[in-house]
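Given next are the chains, with one letter for each unit.
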Amino acid sequence: MRPLLGLVLITFRELWARKIVLGLFIVSSLVLLAVAFALNLDVVEGSLAGIRLFGQEAAPEDLGGEDAAPLTLSRVVIAVESVVAGVAYWIGILLALFASASLFPDLQSEGRAELLLSKPIGRVRVLFGHMLGVWSAIGLLATYLLGGVWGIMSLKTGVWNPRFLLSLLLVVGMFAVMYAAVMLMGVWTESTALGLIVSYGLIFVSMVLAAADQIGPTLGPLTSPVFWGLYHTLPNFTEVTKIVSVLAEGEAVDSWYPLVSSLLFGGATYGVAGYWFVQRDF
Amino acid sequence: MPALSVSSLSKTYRTGLLRRSTVQALTGVSLTVEEGAIFGLLGPNGAGKTTLMKILLGLVHPSGGTARLFGQPAGTPAARHRIGFVPENHRFPGFFTATQTLHAYGRLADVSTAARNRRIPQLLDRLALDGRGDTKVKTFSKGMLQRLGLAQALLNEPDLLFLDEPTGGVDPVGRRAIRDIVLDLRDEGKTIFLNSHLLSEVEKVCTQIAILRDGTLVRQGSVEELTAVDRVYDLLATPIPDALLNAELPLSPAPDGSAPDSELHQYRVRADDRATLNTVVDRLRDADVDIESITPLRQSLEDYFIDVVDAPA
């Protein structure tokens with residue numbers, strides 16, 4: 001257990017030593033400060049009476065638009081939380097992948113791999129410890145931002161939306177899915193750049209796959225199976241965004257399939273990466 | 001039980017996109033290292049030294065044969081519990097201080113917090129890194145990094161220590177310090193497996209050596225045995241009368257002729273067997289020649305090594 005914990009700590013510490021993670025922490029702190037101090041909600045007897053953003057006053061009706069439903073306190077809370085969750089999901093994961101992509105190739109580089117793999121710890125545990133270290137570092141950062149926004153908004157308004165916290169799990173979970181691709185390319189090629197290209201490429205492809213209902217019926221008999229094959233095997237990163245939004249809005253999720261298929265992709269990819277890692281020579 | 005035993009070990013690397021190209025790195029290597037030995041593995045570049053060491057450490061999978069450390073299959077976590085390793089070009093995370101590095105790698109080696117707290121200051125002191133515990137590793141010189149590498153390898157108090165070019169790139173003072181530590185470890189009963197190109201260093205510290213050439217083990221034995229020139233002896237004695245030197249004895253003045261004492265002269269004896277050697281001694285004693293010493297002639301390890309690796313296959 002001690003060697004595994006040691007590896008988690010080294011990975012965690014290594015990730016936090018990177019300037020981009022420090023940058024994410026600083027940006028998250030600024031967001032929390034903005035939510036805490038720049039966004040002022042005037043609540044009178046439990047109802048929203050006014051909103052001030054950076055000192056500029058706006059009537060709730062103005063923010064909702066002419067045709068929109070009246071802006072309630074809970075809608076403002078959900079809107080803020082949805083925006084933060086969406087930004088954390090897209091920009092946060094892209095930056096987190098960028099920050100962590102070189103960790104696994106570094107671990108396997110000459111002079112590092114020998115030191116690590118000569119210790120009394122099996123390769124499967126090395127892989128597991130590394131994954132846990134990366135996930136926990138990103139999880140801590142996501143918890144700091146999303147948990148912080150949730151806590152501040154809830155304390156300021158008295159509107160508690162616990163389902164929003166599920167989006168935190170989705171952000172970390174989908175990061176873990178995309179990091180599987182980085183690790184697989186890391187084991188195969190020891191290339192940071194290729195890991196990033198493949199993971200970002202999968203995200204780009206998921207944007208196309210997200211339009212499956214529109215694209216699917218237009219395809220021919222040869223291309224249709226290929227398209228749907230990709231839809232069911234590759235991570236549905238873009239479609240999971242909708243689940244994150246729905247959860248942040250506190251509504252019921254229609255289908256968990258995009259998340260489940262993405263998690264299966266991640267699990268299978270980690271499995272293949274693990275097999276190669278155990279088999280290869282250093 | 002030997003500290004290390006290898007039997008018919010072979011390794012073929014497969015390279016290329018379809019892994020069709022092959023490189024035979026080791027072929028049928030068998031050797032044994034007893035506990036308490038300082039074992040030097042020698043060979044020219046590409047001979048298979050690093051591959052053999054990596055198989056023993058579990059970094060490379062063998063294609064055939066077996067390797068065991070203290071009776072355990074090499075490469076298993078159980079076998080690695082009793083070993084320490086200093087790679088040739090090890091890299092520590094630069095953001096750690098020396099103390100943090102030792103704690104981090106000590107944890108990986110399954111050393112308890114209490115043991116780490118006790119041993120780390122001792123090791124820093126022993127390896128002349130005291131006062132550097134709170135210094136970032138990225139500021140360390142090559143020699144300091146080598147000593148820190150040795151410290152991390154010793155944290156779990158290993159019974160078998162693998163050193164891959166431990167003095168590579170280190171200045172003479174640093175080399176001396178590392179050599180002294182290796183000798184201290186030998187005195188503590190540790191077994192040391194040394195992979196080095198610095199033959200003068202190997203000659204000074206190793207009790208046993210093996211030479212690999214093209215993936216095959218071509219020589220193995222003690223340094224004394226292997227470097228002894230067969231049936232040729234250096235004789236140190238009082239001057240031998242010319243009559244005896246001109247007689248049909250396998251005796252001649254030594255080529256360099258230097259002797260530590262002006263009363264003594266150095267000669268060379270080529271005796272094909274023990275009886276001839278004893279006949280020479282008897283004739284000298286009959287002629288009242290005082291014999292100071294008779295020692296087997298040795299060549300330097302470097303000369304021996306070059307003879308072996310240059311010999312036709």
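Quick caveat: nothing in here was measured; it's all calculated off a predicted structure.

The number of helices and strands found in chain A is 13 helices and three strands. Principal axes of the C-alpha set define a box for chain A whose edges measure 65 × 55 × 30 Å. A buried classification covers 51% of the 282 residues belonging to chain A. A separation threshold of at least 6 residues defines the contact pool for chain A, and within that pool the share at least 24 residues apart is 76%. When the accessible surface of chain A is totalled, it reaches about 12800 Å², and 70% of it is carbon and sulfur. Distance between charge centroids for chain A: 17 Å, based on 14 positive and 19 negative side chains.

Residue and element names in this part refer to chain B. A contiguous patch of negative charge, built from Glu203, Glu302, Asp303, Asp307 and Asp310, is present on the exposed surface. Here the negative patch gets four residues from one element, more than from any other, and that element is helix α11 (residues 301-310). Its location among the elements puts glutamate 302 in helix α11.

Contacts between chain A and chain B engage 30 residues on the former and 31 residues on the latter. Buried surface at the junction of chain A and chain B, both sides included, amounts to about 2800 Å², of which 60% is carbon and sulfur. On the surface where chain A and chain B come into contact, there are three salt bridges. Across the chain A-chain B interface, the total number found is 15 residue pairs in polar contact (both at pLDDT 80 or more).

So, on to the packing of aromatic side chains. Residue and element names in this part refer to chain A. Scanning the model with the defined rule gives 19 aromatic pairs over all chains in all. Aromatic pair tryptophan 16 and phenylalanine 25: ring centres 5.9 Å apart, planes at 70°, arrangement edge-to-face. A relative accessible area of 30% means that phenylalanine 25 is categorised as partly exposed. On the basis of an interplanar angle of 70° and a centroid distance of 5.6 Å, the ring pair of phenylalanine 277 and phenylalanine 282 is categorised as edge-to-face.

Residue and element names in this part refer to chain A. Nonpolar side chains collect at one region of the surface, where Leu22, Ile26, Leu30, Leu33 and Phe37 lie side by side and expose about 520 Å² of accessible area between them. Tracing the chain through its elements places leucine 30 in helix α2 (residues 19-38). Of the residues examined, leucine 30 reaches a relative accessible area of 52% and is grouped as exposed.

Let us now look at the environment of Val177(A). Within the element layout of this structure, Val177(A) appears in helix α8 (residues 164-189). Val177(A) sits 87 residues away from Leu264(A) along the chain, and the two C-alpha atoms are 8.6 Å apart.

Here the domain parsing of chain B yields domain 1 (4-225) and domain 2 (231-298). One C-alpha centre belongs to domain 1 of chain B, the other to domain 2 of chain B; they are set 44 Å apart.

Tyr179(A), Leu4(B), Leu52(B), Leu69(B) and Phe162(B) are the most contacted members of the largest nonpolar core, which has 162 residues in total. Considering each element in turn, this core owes the most residues, 17 residues, to α8(A). Residues within four places of Phe162(B) in sequence aside, it is in contact with Leu4(B), Met53(B), Leu56(B), Leu57(B), Leu69(B), Ile83(B), Gly84(B), Phe85(B), Val86(B) and Phe193(B). The next biggest cluster of nonpolar side chains, apart from the first, holds 14 residues, and it includes Leu235(B), Tyr267(B), Val269(B) and Ala271(B).

Now for the sheet that holds strand β2 (residues 21-33) of chain B. Residues and elements named next belong to chain B. Strand order in the open sheet formed by four strands is β2-β1-β4-β5, and the pairing between neighbours is antiparallel. Strands at the two margins of the open sheet, each flanked by one partner only, are β2 and β5 (72-73). In the sheet, strand β1 (residues 4-15) pairs with β2 via nine bridges, with the strands oriented antiparallel. From the neighbouring strand, threonine 15 faces β2, where its bridge partner is serine 21.

The next subject is the packing of helix α1 (residues 2-16) of chain A against helix α7 (residues 123-157) of chain A. Residues and elements named next belong to chain A. The interhelical angle for the contact between α1 and α7, taken along N-to-C directions, is 45°, at an axis separation of 8 Å. With respect to α7, the axis of α1 lies oblique. α7 is crossed by α1, and the crossing has right-handed handedness. Across the contact of α1 with α7, the residue classes break down as 14 nonpolar, five polar and one charged.

Scoring rules and cut-offs
Residues numbered from 1 in each chain as written. Chains lettered and ligands numbered in written order. Predicted model: local features only at pLDDT ≥ 70, side-chain atom pairs only at ≥ 80, totals over all residues. Heavy atoms only, no water. Helix = DSSP H or I, 4+ residues; strand = E, 2+ residues; numbered from the N terminus. Buried < 20%, exposed > 50% of the residue type's maximum accessible area, 1.4 Å probe, protein only. Contact = heavy atoms within 4.5 Å. Areas by Shrake-Rupley, 256 points an atom, 1.4 Å probe, with all protein chains shown as cover. Lys, Arg positive; Asp, Glu negative; His and termini not counted. Charge placed at Lys NZ, Arg CZ, Asp CG, Glu CD. Patch = residues over 30% accessible without salt bridge, like charges linked within 9 Å, V, L, I, M, F, W, Y side chains within 5 Å. Salt bridge = Lys/Arg side-chain N within 4 Å of Asp/Glu carboxyl O. Buried area = accessible area lost by both parts, 1.4 Å probe. Polar contact = N/O pair within 3.5 Å; in protein donor to acceptor, adjacent residues only side chain to side chain. Phe/Tyr/Trp six-rings, centres within 6.5 Å; stacked < 30°, edge-to-face > 60°. Domains from an automatic or database assignment. Core = buried A, V, L, I, M, F, W, Y, C linked by side-chain atoms within 4.5 Å. Pairing = 2+ DSSP bridges. Axes fitted to C-alpha atoms, helices over the stretch in contact; angles between N-to-C directions. Parallel < 35°, antiparallel > 145°, perpendicular 65-115°, else oblique. Left-handed = near helix turned anticlockwise from the far one by under 90°. Nonpolar A, V, L, I, M, F, W, Y, C, P; charged D, E, K, R; others polar.

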